[in-house]
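Reading the structure
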Amino acid sequence: MKRKLIAAIGIAGMMVSIAACGGGDKEAAKDPKDRKGELTVWLMTDAQSTWPELVKQANAEFNGKYPGVKVNVQYQQWGDKTKKLDAALSGSKFPDVVELGNTETMTYILNGALGEIDAKKYDNSDTWISGLKDTCSYEGKLYCVPYYAGARVAIYNKEMFKAATGKDTIPETEDGLTKALDKIEAKYGKKDKAFSPLYLPGRYWYAAMSYVAAYGGKIAEYDEGSKKWKATLSSPEAQEGIQHYVDLVKKYNNGDQTKDEQDHANVMANKKTAMIYGNGWESGSVIDPAANGNPKLKDKIGTAGMPGPNGKALPSFIGGSDLATISKSKNQDLAQDWISIFTSEKSEAALAEKNILPNNTKQLEPLKTKPETAPIANAVPDAWFTPIAPGWAAVEKKETLELMLLDILKGKSVADATKAADAEIDQLINEAS
């Protein structure tokens, strides 16, 4: 089945990985201190800006074992990383270690790009967060290592809530929240027609699918009978969630409703909204001048679990990153050792100290009671994830969900929009199987 999938994806050069793997085994037989060469690691800029000392620490520990191997860390941007990686994999210069978002991994697993991983070599692998481990697993084998987890929470301006409602916290129920937002609209919206009490971008599909999950809906399900994935956005539950989301966008987003969420932290930094729904770390972006944030809002930005429909918390998307070796690399043993050091219990503790969710439930537990991390840490156990299907990356690339939401905002009925989206998802999501 794997050969069939590789052929279907068709990225040039992947199959040479079988021949290339042997070089690392011969090198591994040498004394570690005799190893020479270079290990190329691709990390995202989050590591460069937020935990550079962890990278430095891991490299120092690695070089203590392999003094003759130079670690070349290259930082990548989320916007063009996959394009650069695809180009590198089709050539002769590619990273030995690569960080992948957890929605990206399945594409590279199926096209043979990633080396197989032995979980026993990694700290706390028996308590890895399932939402991350699942994205690294295929047909009983493991192809990447969970790095850190993420979930979305309510990020709000405490000062604005206090001025409008008398409290600098958000209500625990959605009914209470909408009443508070109405008061904020009355206070700040009169002076600024572009001010949004709650800035929910219209094309923010991660948020929209959280409301789908809140009503018991799913994007797609795997049918054991046909052995295929079946899109289910046209189910009554999913439609109800999508309609609920669109209603919130129309009522509370007074800005450009056709945008996505890429700049919503900056909208908050510019005091154009009292609240956004975003990744926990985005609360830091709101006040960080390096991210076009507003340092004057320091100590005025809070986070909390997002209230959802029916008196329950809004289910969050389980985000995060994984680390993988490249199957064509001749340094897979070195790559695995570097990842082991970078995701060790000590390293994950360093992430937790910065309020980044670690890759395992053992180290996640204390963060559930820490005020700064409780909202996001408690959102992880009940979080949802995208279909772990061969063609899911194609759905994201074609922006099927974003365009569906945009069509609804422009007047297309939810029934018609979801039916069209289901047809496209059915085609894309099964094409590699």
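Reading the values: the criteria
Residues numbered from 1 in each chain as written. Predicted model: local features only at pLDDT ≥ 70, side-chain atom pairs only at ≥ 80, totals over all residues. Heavy atoms only, no water. Helix = DSSP H or I, 4+ residues; strand = E, 2+ residues; numbered from the N terminus. Expected span 1.5 Å × (residues − 1). Contact = heavy atoms within 4.5 Å. Salt bridge = Lys/Arg side-chain N within 4 Å of Asp/Glu carboxyl O. Buried < 20%, exposed > 50% of the residue type's maximum accessible area, 1.4 Å probe, protein only. Lys, Arg positive; Asp, Glu negative; His and termini not counted. Pairing = 2+ DSSP bridges. Axes fitted to C-alpha atoms, helices over the stretch in contact; angles between N-to-C directions. Disulfide = S-S within 2.5 Å. Arc of directions from axis to C-beta. Polar contact = N/O pair within 3.5 Å; in protein donor to acceptor, adjacent residues only side chain to side chain. Parallel < 35°, antiparallel > 145°, perpendicular 65-115°, else oblique. Left-handed = near helix turned anticlockwise from the far one by under 90°. Nonpolar A, V, L, I, M, F, W, Y, C, P; charged D, E, K, R; others polar.

In the annotation of an unreviewed UniProt entry, the protein is listed under the name Extracellular solute-binding protein and assigned to Streptomyces montanus.

Quick notes on helix α21 (residues 414-429)
Spacing of three or four residues puts side chains on the same side of an α-helix, whose turn is 3.6 residues. For α21, which comprises 16 residues, the first-to-last C-alpha distance of 21 Å matches the rise-based estimate of 22 Å (1.5 Å per residue) to within 8%. Summarising the contacts, the buried residues of α21 are in contact with β8 (220-223), β9 (228-231), α12 (236-252), α19 (392-397) and α20 (400-409).

With respect to the pattern of salt bridges
Working definition: two side chains of opposite charge can pair if their charged atoms are close together. One pass over the full model with this rule turns up 17 salt bridges. Between Asp426 and Lys230 there is a salt bridge whose closest N-O contact spans 3.4 Å. Of this pair, Asp426 sits in helix α21 while Lys230 sits in strand β9, placing them 196 residues apart in sequence. Residue Lys230 is classed as partly exposed on the basis of its relative accessible area, which comes to 48%. We note a salt bridge from Lys298 to Asp299, for which the minimum N-O separation is 3.8 Å.

Examining the side chain of Glu282
By the element assignment, Glu282 lies in helix α14 (residues 282-287). Salt bridges are absent for the buried Glu282, whose nearest opposite-charge side chain, Arg152, sits at 5.7 Å.

Overview of the sheet that holds strand β7 (residues 152-157)
Pairing in this open sheet of three strands is antiparallel, and the strands run β10-β7-β11 from one edge to the other. Unpaired on one side and paired on the other, β10 (275-279) and β11 (301-304) mark the two borders of the sheet. Neighbouring strand axes in the sheet, compared pairwise and without regard to direction, differ in orientation by 35° on average. Where β7 and β10 come together, five bridges link them in antiparallel fashion. Counterpart to Ala154 in the pairing with β10 is Tyr277. Here helix α9 (residues 158-165) sits on the sheet in contact with β7, β10 and β11, set at roughly 65° to β7.

Focus on the pairing of strand β6 (residues 145-150)
Counting buried positions over the six residues of β6 gives six, a clear majority of the element. Here five bridges tie β6 to strand β12 (residues 319-325), and the two strands are oriented antiparallel to one another. Bridge pairing in β12 places Pro146 opposite Asp322.

Focus on the state of the cysteines
For the structure on display, the rule yields one disulfide. Two residues, Cys136 and Cys144, share a disulfide whose sulfurs are 2.0 Å apart. The S-S bond linking Cys136 to Cys144 shows a torsion near -110°; that makes this disulfide left-handed.

Description of the environment of Leu100
Among the secondary structure elements, Leu100 is positioned in strand β3 (residues 97-101). With 64 residues separating them in the primary sequence, Leu100 and Ala164 have C-alpha atoms 42 Å apart. Residue contacts for Leu100: discarding those within four places in its chain leaves Trp78, Lys81, Leu85, Thr105, Tyr108, Leu114, Gly320, Ser321 and Asp322.

Things to note about α9
When we look at burial in α9, the residues that qualify are Met160, Phe161 and Ala164. Down the axis of α9, the sector holding all buried residues measures 95°, keeping them to one side. In this structure, the buried residues of α9 make contact with β7, α10 (174-188) and β10. Its side-chain oxygen 3.0 Å from the backbone nitrogen of Glu159, Asn157 forms the N-cap of α9.

Topic: the packing of α12 against α21
Orientation of α12 relative to α21, taken along the N-to-C sense of each, is 120°, at an axis distance of 10 Å. Taken together, the axis directions place α12 and α21 in an arrangement best described as oblique. Between α12 and α21 the crossing geometry is right-handed. Contacts from Gln239, Ile242 and Gln243 of α12 reach α21 at Val414, Ala415 and Thr418. Of the residues contributing to the contact of α12 with α21, the split by class is three nonpolar, three polar and no charged.

A word on the packing of helix α11 (residues 205-214) against α20
Between α11 and α20, the shortest axis-to-axis distance is 9 Å and the interhelical angle comes to 80°. In terms of axis orientation, α11 runs roughly perpendicular to α20. The residues of α20 that touch α11, namely those facing Trp205, Ala208 and Met209, are Leu401, Glu402, Met404 and Leu405. Taken together, the residues of the contact of α11 with α20 break down into six nonpolar, no polar and one charged.

A short note on the side chain of Gln76
Mapped onto the elements of the fold, Gln76 is located in strand β2 (residues 69-76). Given the relative accessible area of 3%, Gln76 is considered buried. A distance of 2.8 Å separates polar atoms of two side chains, one belonging to Gln76 and the other to Lys84. Every residue in contact with Gln76, bar those within four places of it in the chain, is listed here: Trp42, Leu43, Met44, Thr45, Lys81 and Lys84.

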